[in-house]
There are 2 protein chains.
Amino acid sequence: MLTQTLNTQVHGSTIAPATHPVSDQFGAITGHVGLVASEFSYRKDEEIYGEDEPAEYVYQVVSGAVRSYKLLSDGRRQIGAFHLPGDVFGLESGATHRLAAEAIIDTTVRLVKRSSLEKAAGTDVQVARKLWAMTAGELRHAEDHMLLLGRKTAMERVATFLLEMDRRLAVAGMMALPMCRRDIGDYLGLTLETVSRALSQLHSQGILGFSGARQIVLRNRQRLHNLDA
Amino acid sequence: MLTQTLNTQVHGSTIAPATHPVSDQFGAITGHVGLVASEFSYRKDEEIYGEDEPAEYVYQVVSGAVRSYKLLSDGRRQIGAFHLPGDVFGLESGATHRLAAEAIIDTTVRLVKRSSLEKAAGTDVQVARKLWAMTAGELRHAEDHMLLLGRKTAMERVATFLLEMDRRLAVAGMMALPMCRRDIGDYLGLTLETVSRALSQLHSQGILGFSGARQIVLRNRQRLHNLDA
DNA sequence: CGTGGATTTGAACTTATTCAATGTGCGTGG
DNA sequence: CCACGCACATTGAATAAGTTCAAATCCACG
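As annotated in an unreviewed UniProt entry, chain A carries the name Transcriptional regulator and comes from Bradyrhizobium iriomotense.

Right under this line is the structure:
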């Protein structure tokens, strides 16, 4: 909730790692308009913002990982997205955050004031177009995820998840997952036990290898694709 | 797929019925920039556009109803949204439609070329802002729906559905659902039988009344809210 | 009025969940 | 450097929720 003093600095450092193939979405805006970006860090499990809180900042993950989620009154949780280094999150067209956000592990973000983005968008049509494109990208992910949550089997969901994480954070053919089994379950609409069972089955079939529960190597992406509906 | 000749006409007629409380989103754009809108009609179950097809037009329902959906290779279907009179659909930031769209019943739409909206957005920041806000509105719905699909029980999903439809299309306290039980199931991530059983249970509890399977009266919105997590 | 798709209802079944116990490994401190 | 402790993960067995398959009923429409 940003109670500490911000370490304000002019933007400009490169964050997106070489393994993240998309262009630096944040830089595409801040660089274009010369906005000031700050950095901030959160510890594991610390809240970055709450659901329905005013959307004062837009964030980009520098290092670490973030989960965005909604809760039901009895505590059931649906994680809508994981945000990894280079990803922008917390961007809203309206006044408030639609999902809460928490650091999954110790995390550093860059952030800019929403108001300065709004102002830039009011001046520069290119910025406005970019903001729209970023929200549209989130919508695309949500649409794909609705299909997963509504219609895929447990094994298909886990296969989809592994391929997504492989694409987004694999380095040298290996994934270091920042999130626990419960987070994965809450992302896939499953229990942590069902996620664990699916991973064990993939392991026993030689489709993936473990070096620690969160270090995964995909040994056969094709078979994983086949399992993914 | 728009093979017939379009009945081109200047926009201006009011479409959103009095029961649809939001402002006319289409008019907010076309009126502002003076774009030309056309009308077109589709018969029940006719495709309006396919998944991954180039997004040439943006649509607004004049009368009827539309379903947007994705399919898995084996035919499993996830409906992402129902579009009712006044609703805009088919708006994309990228080049292609991310979901397919079909008329649920005989339906008339207004449409404008995507290229003319793009052009207007390049000139007028207000238009650009409005396009962003419309996509953000779709994202919000998708985020709420992910929570439903990932974490709500069958009865909670049906209760949520009824309250959504009540809000969007109730006239004089009564809903005339345009879609069949299978559509509802594919929207809620359930089978049509499960939807039917939930509705029967709500009927037997006096929470709703039927006059024909698709004419529903909510008799106790509070109890329905209580069933909705 | 009859007809056929749509809906409801029933019963067996499947999948994933729940509850419980065991196992693993990482980080910390001795 | 090794051992300990605890959070995390795995595995098992019983249960529950929703699906599947089947049959009966309902209506909307011609």
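## Description of the protein's contact with DNA strand D
Neighbouring DNA strand D are 18 residues; A:Ser196, A:Ser200, B:Ala154, B:Thr194 and B:Arg197 lie closest to it. The share of sugar and phosphate among atoms of DNA strand D within 4 Å of the protein is 65%. Between DNA strand D and B:Ala154 there is a distance of 2.7 Å, counted from a phosphate oxygen to a backbone nitrogen or oxygen. Within the side chain of B:Thr194, one N or O atom sits 2.4 Å away from a phosphate oxygen of DNA strand D. If you list the elements that add at least two residues to the surface near DNA strand D, you get helix 6 (192-204) of chain A together with helix 6 (192-204) of chain B. In terms of residue count, the dominant contributor to the surface near DNA strand D is helix 6 of chain A (five residues). A breakdown of the residues in the surface near DNA strand D according to their chemical character gives five nonpolar, seven polar and six charged.

## Focus on the relation of the copies chain B and chain A
When chain B is brought onto chain A, the operation consists of a screw motion whose angular component is 180° and whose axial shift is 0.0 Å, with 0.0 Å RMSD remaining. Seen this way, the second copy is the image of the first under a two-fold rotation axis. The residues that chain B uses at the interface reappear at the interface of chain A in 100% of cases, marking a shared surface.

## What to know about the protein's contact with DNA strand C
With respect to spatial proximity, 19 residues lie near DNA strand C, and among them A:Ala154, A:Thr194, A:Arg197, B:Ser196 and B:Ser200 are the closest. Looking at DNA strand C alone, sugar and phosphate atoms form 65% of those within 4 Å of the protein. One of the side-chain N or O atoms of B:Arg181 is found 2.8 Å from a phosphate oxygen in DNA strand C. Measuring from a phosphate oxygen of DNA strand C, one finds a side-chain N or O atom of B:Ser200 at 2.5 Å. Looking at the surface near DNA strand C, the elements with two or more residues in it are helix 6 of chain A together with helix 6 of chain B.

## Let's talk about the side chain of B:Thr160
Residues and elements named next belong to chain B. You can see Thr-160 is positioned in helix 4 (residues 154-169). A residue is classified by how much of its surface remains accessible, and Thr-160, at 19% relative accessible area, is buried. Engagement of the side chain of Thr-160 in a polar contact is seen with the side chain of Lys-152, the distance being 3.0 Å. When residues no more than four places from it in sequence are discounted, the contact partners of Thr-160 are Leu-148, Lys-152 and Asp-228.

## So, the pattern of salt bridges
Taken as a whole, this structure holds 35 salt bridges over all chains when the rule is applied. One salt bridge in this structure joins B:Asp144 and A:Lys70, with 3.2 Å as the shortest N-O distance. Remark: A:Lys70 occurs in strand 5 (residues 66-71) and B:Asp144 occurs in helix 3 (residues 125-151); the pair is interchain, linking two chains. Judged by its relative accessible area of 8%, A:Lys70 is buried. Put simply, A:Asp166 and A:Arg221 hold a salt bridge, and the shortest N to O gap is 2.6 Å. You can see A:Asp166 sitting in helix 4 (residues 154-169) and its partner A:Arg221 sitting in helix 7 (residues 221-227), a full 55 residues away along the chain.

Calculation criteria
Residues numbered from 1 in each chain as written. Chains lettered and ligands numbered in written order. Predicted model: local features only at pLDDT ≥ 70, side-chain atom pairs only at ≥ 80, totals over all residues. Heavy atoms only, no water. Near = heavy atom within 4 Å. Polar contact = N/O pair within 3.5 Å; in protein donor to acceptor, adjacent residues only side chain to side chain. Helix = DSSP H or I, 4+ residues; strand = E, 2+ residues; numbered from the N terminus. Nonpolar A, V, L, I, M, F, W, Y, C, P; charged D, E, K, R; others polar. Least-squares fit on C-alpha atoms with pLDDT ≥ 70 in both. Contact = heavy atoms within 4.5 Å. Buried < 20%, exposed > 50% of the residue type's maximum accessible area, 1.4 Å probe, protein only. Salt bridge = Lys/Arg side-chain N within 4 Å of Asp/Glu carboxyl O.

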